[in-house]
Amino acid sequence: MAWFRRKRNITDETPPTDRKVRTEGLFVKCPACGTTHFKKDLEANLNVCSNCGHHLKWPTRQRLAHLFDEGRYETFDDNIVSTDILGFFDTKSYADRIAQARQSTGFNDAIVCAEGRLGGRPIIGCVMVMEFIGGSMGSVVGEKVTRAIERAIAKKRPLIIVSASGGARMMEGTYSLMQLAKICGALARLDAARIPYISVLTDPTTGGVTASFAMLGDINIAEPGALIGFAGPRVIEQTIRQKLPPGFQRSEFLLAHGMLDAVVDRRQMRKFLIDALDFMAR
Amino acid sequence: MEKATQIKLLEAQLAQLASAPHTPAQDEEIMRLQAQVRRLQQAILGEANDTPEMTPMDRVKLARHPDRPYALDFIYALFTDFHELHGDRRFADDPAIVCGFARFEGEPVFIVGQQKANYKQRKMEDRKYRNFGMPKPEGYRKAIRLMQMAAKFRRPIISFIDTPGAYPGIEAEERGQGEAIARNIIEMMRLASPTIGVIIGEGGSGGALAVGACDRMLMLENTIYSVISPEGCASILWRDASKADKAAAAMKITPEPLRAAGIIDAIIPEPGEGAHTDHKAAAEAVRPYLVKYLTELSTLSPEKLIEQRYTRYCRLGAFVIEEPQSLSQ
Ligand SMILES: [Zn+2]
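Computed from a prediction, not measured in an experiment: that's the story for all the values here. (Residues numbered from 1 in each chain as written. Chains lettered and ligands numbered in written order. Predicted model: local features only at pLDDT ≥ 70, side-chain atom pairs only at ≥ 80, totals over all residues.)

**Here we look at the overall build of chain A**
Secondary structure summary: chain A contains nine helices and eleven strands in total. Computed over the C-alpha atoms, the radius of gyration of chain A is 19 Å, within 12% of the 19 Å expected from 2.2 N^0.38 for a compact globule of 282 residues. Taking the principal axes of the C-alpha coordinates as reference, chain A spans close to 55 × 50 × 45 Å. Counting across all 282 residues of chain A, residues that qualify as buried make up 49%. (Helix = DSSP H or I, 4+ residues; strand = E, 2+ residues; numbered from the N terminus. Rg over C-alpha atoms; globule rule 2.2 N^0.38 Å. Buried ≥ 20, exposed ≤ 12 C-beta atoms within 10 Å, placed from the backbone.)

Spelled out as structure tokens, the structure:
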């Protein structure tokens, strides 16, 4: 079995799948208010509905490009990839799921870690990829986040993690659960080193990611209307056998219950982050 | 040579290589050895799940057996002078987690336990009172508050883990179940005392890890440690909760594969047909393991403990590095 498949360095070109999407349909309908937008206008507004302010899904590459100054960043640890350690097979094999996800998303796993600048300040920025097996956290996400934290400590650079995740990756069994402890151990060191860490929660952030790094920032902020919780709404409905109240587990609900420092509009996010880092970093 | 021995040898080689400054050639050697270790681990994992006499789902059923000894049965059998301490100082006292100080073999220790029913009383109302062992945020916050107190006085902490999972309910979410679990894990990772976790029934995901990010992890023979319940996994991946037996087997949640993976350190044999047949004997079976690991950990300074704890969890993961960075053109 080949453990080290040789391949060219990862370049950040738009993958063929994204190119195809661009040509399909020039209009996007806001799922909240029904307003139809020119796709280009919507993209210029960071995928926020100009009519009602609803935050639509935002492709990872666009989010990354927006996070860093001039859209310039350099990814690291892209070569750490998942392996089917348990020989897991449900309706298809985990090995196939990994291969398909890599093919369809153009990413190697559910998180991208990068270095770049934000407001002129060098930072480490990680963005989760919801399209990659539900943004699930297995050994690769655990390892990459841990390495990103260690890099932040070594280089004394602030860390920003943008979360989007359905939770831990079941196909790696208890290995996935162990990633929570590993990441938290690294975060304890980051905390001791007094390096700033801002956690940005986006729609949706649930399960093991909420129960570890997403809730452990020096500041935890979320985009408006994001679903954030430990248990998913369906699990809760099944447990208590009643309908959940409207707005339950949305950003504004968490803010009202004291679980977030702020809900920040995507269009103001950069300014918030730059100002926060000016406050925290030296 | 036995696979486990081979792994040990390879790991020793790796440790030597890793301590020196790396050249690209050494990096390649490290990668090669790591791959070898992984292949061996995978082989062991494959073998370990083939227990002909008992399926993983049978173990799940035993782990959930209504007559199984619960945390307080272990606590009263193994310790003397147990005094329970209550409350998170913020909201409430959660009966699903019991905490307190006691003596073990004459020495002061601190105890945390997830409790599924009242002590020696297991009617529906006794189970409901303990919320079937599903803690709410206040339970986790009580546990970490008191573990930090114990660590302040450098007393070892023993955690008995037995939960289907953290409580998935409206009020738990309102009070920040995710944050409570996350906070517990990060704080446990930097406790200055030795910590030993014993899974005595169900090790239900983050709800278990929130009191189980320990220096050493032990499992009784008929227990499970899982990232999601077999039913939950089956209903998501097979869209059919009745496929739980398949999920239980696929996720490798029984003690043998978890020990092979290094996730737990030891498996504690159970008496007779299982712990539910003899509570006293089941508790006594735990005693020598506590003695062994408490002795082992008692020699370490707080700094060393915390460092080794971090290293322990850093090792746990299965991934492939496709092309060593140092070799890229
Ligand atoms: Zn709208």
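Resuming the write-up.
**Quick word on the packing of helix α6 (residues 137-152) of chain B against helix α8 (residues 177-189) of chain B**
Residue and element names in this part refer to chain B. In contact at an axis separation of 9 Å, α6 and α8 are set at 20° when each is read in the N-to-C sense. Relative to α8, the element α6 is oriented roughly parallel. Seen along the crossing, α6 lies across α8 with a hand that is left-handed. Of the residues in α8, those in contact with Pro137, Tyr140, Arg141, Ala143, Ile144, Met147 and Gln148 of α6 are Gln177, Ala180, Ile181, Arg183, Asn184, Glu187 and Met188. Residue classes in the contact of α6 with α8 are distributed as eight nonpolar, three polar and three charged. (Axes fitted to C-alpha atoms, helices over the stretch in contact; angles between N-to-C directions. Parallel < 35°, antiparallel > 145°, perpendicular 65-115°, else oblique. Left-handed = near helix turned anticlockwise from the far one by under 90°. Contact = placed C-beta atoms within 7 Å. Nonpolar A, V, L, I, M, F, W, Y, C, P; charged D, E, K, R; others polar.)

**Focus on the interface of chain B and chain A**
As a measure of interface size, the accessible area lost when the parts come together is often cited. Counting residues at the interface gives 53 residues for chain B, matched by 56 residues for chain A. Of all the elements, α8 of chain B adds the most residues to the side of chain B that touches chain A, at eight residues. Grouping the amino acids of the side of chain B that touches chain A by side-chain chemistry returns 33 nonpolar, twelve polar and eight charged. Pairing analysis gives three bridges linking strand β4 (residues 80-82) of chain A to strand β9 (residues 319-321) of chain B, with the strands arranged antiparallel. (Pairing = 2+ DSSP bridges.)

**Digging into the domain arrangement of chain A**
All names here are of chain A. When cut into domains, chain A gives domain 1 (15-56) and domain 2 (58-280). Domain 1 and domain 2 are separated by 23 Å when their C-alpha centres are compared. Taken residue by residue, the interface counts nine residues in domain 1 and nine residues in domain 2. (Domains from an automatic or database assignment.)

**Looking at helix α4 (residues 94-105) of chain A**
All names here are of chain A. With twelve residues, α4 should cover 16 Å at 1.5 Å per step; its first-to-last C-alpha distance of 16 Å lies within 8% of that length. Within α4, burial applies to Tyr94, Arg97, Ile98, Ala101 and Thr105. Along α4, the residues classed as buried sweep out an arc of 100° about the axis, all on the same side. Facing away from the buried side of α4, by more than 90 degrees, are the exposed residues Asp96, Gln100 and Gln103. Lining the buried residues of α4 we find β4. At the C-terminal side of α4, Gly106 shows a positive phi close to 80°. (Expected span 1.5 Å × (residues − 1). Arc of directions from axis to C-beta.)

**As for unusual backbone geometry**
Cis peptide bonds are those with omega within 30 degrees of zero, and the linkage from Asp203 of chain A to Pro204 of chain A qualifies with -15°. In this fold, Pro204 of chain A is placed in strand β8 (residues 197-206). In this structure, Asn47 of chain A takes a positive phi of about 60° despite not being glycine. Of note, Asn47 of chain A is situated in the loop between α2 (39-44) and α3 (60-67). Unusually for a residue other than glycine, Ser205 of chain B sits at a positive phi of about 55°. Mapped onto the fold, Ser205 of chain B is located in helix α9 (residues 205-209). On the basis of neighbour counts, which here come to 29 C-beta atoms within 10 Å, the residue Ser205 of chain B falls in the buried class.

**Things to note about the nonpolar core**
Ranked by size, the top nonpolar core spans 166 residues in total, and within it Leu159, Cys184 and Leu187 of chain A together with Met147 and Ile185 of chain B carry the most contacts. Top contributing element to this core by residue count: helix α6 (residues 174-192) of chain A, with eleven residues. Apart from residues no more than four positions distant in its own chain, Leu159 of chain A is found in contact with Ile124, Ala148, Ile149, Ala152, Leu190, Ile195 and Tyr197 of chain A. (Core = buried A, V, L, I, M, F, W, Y, C linked by C-beta atoms within 7 Å.)

**Re the domain arrangement of chain B**
The domain boundaries assigned to chain B delineate domain 1 (3-49) and domain 2 (56-298). Measuring from the centre of the C-alpha atoms in domain 1 of chain B to the corresponding centre in domain 2 of chain B gives 32 Å.

**A few points about the confidence of the model for chain A**
Residues of chain A with pLDDT of at least 70 account for 91%, and the chain-wide mean is 92. Under a pLDDT of 50 for its full length, residues 1-14 of chain A has, in the predicted model, 15 contacts with residues more than four places off or in other chains. (pLDDT = per-residue confidence, 0-100.)

**Some remarks on the environment of Arg89 of chain B**
Along the chain, the position of Arg89 of chain B falls in the loop between β1 (80-85) and β2 (97-104). In sequence terms Arg89 of chain B and Arg315 of chain B are 226 residues apart; their C-alpha atoms lie 36 Å from each other.

**Comments concerning the pairing of strand β3 (residues 107-114) of chain B**
Residues and elements named next belong to chain B. Most of β3 is tucked away: six of the eight residues are buried. Across eight bridges, the pairing between β2 and β3 is antiparallel. What sits directly across from Val98, in β3, is Gly113. Between β2 and β3, which follow one another and run antiparallel, lie two residues, and Glu105 among them has a positive phi close to 50°. Across four bridges, β3 lies against strand β4 (residues 157-163) in parallel orientation. Within β4, the residue paired with Val112 across the bridge is Ser159.

**Some remarks on helix α3 (residues 56-63) of chain B**
Residues and elements named next belong to chain B. For α3, the set of buried residues is Pro56, Arg59, Val60, Leu62 and Ala63. For α3, the angular spread of buried residues about the axis comes to 165°, placing them on one side. On its buried face, α3 is in contact with β5 (195-204), β7 (224-226), α10 (230-237) and α11 (244-251).

**Description of the packing of helix α4 (residues 71-78) of chain B against helix α13 (residues 279-298) of chain B**
All names here are of chain B. Where α4 meets α13, the closest approach of the two axes is 9 Å, and the angle between their N-to-C directions is 65°. Between α4 and α13, the crossing angle belongs to the class labelled roughly perpendicular. Here the hand of the crossing between α4 and α13 comes out right-handed. In contact with Asp73, Phe74, Ala77 and Leu78 of α4, α13 contributes His279, Lys280, Ala283, Val286 and Arg287. Its residues assigned to classes, the contact of α4 with α13 shows five nonpolar, one polar and three charged.

**Observations regarding the pairing of β8 of chain A**
Residues and elements named next belong to chain A. Taken across its ten residues, β8 has ten buried, putting it largely inside the fold. Here six bridges tie strand β7 (residues 159-165) to β8, and the two strands are oriented parallel to one another. Residue pairing in the sheet places Ile161 in a bridge with Ser199 of β8. By the bridge criterion, four bridges tie β8 to strand β9 (residues 219-222) in an arrangement that is parallel. Bridge pairing in β9 links Ile198 to Ile219. Sheet topology note: the β8/strand β10 (residues 228-229) ladder contains two bridges and is parallel. Looking at the pairing, Thr206 lines up with Gly229 of β10.

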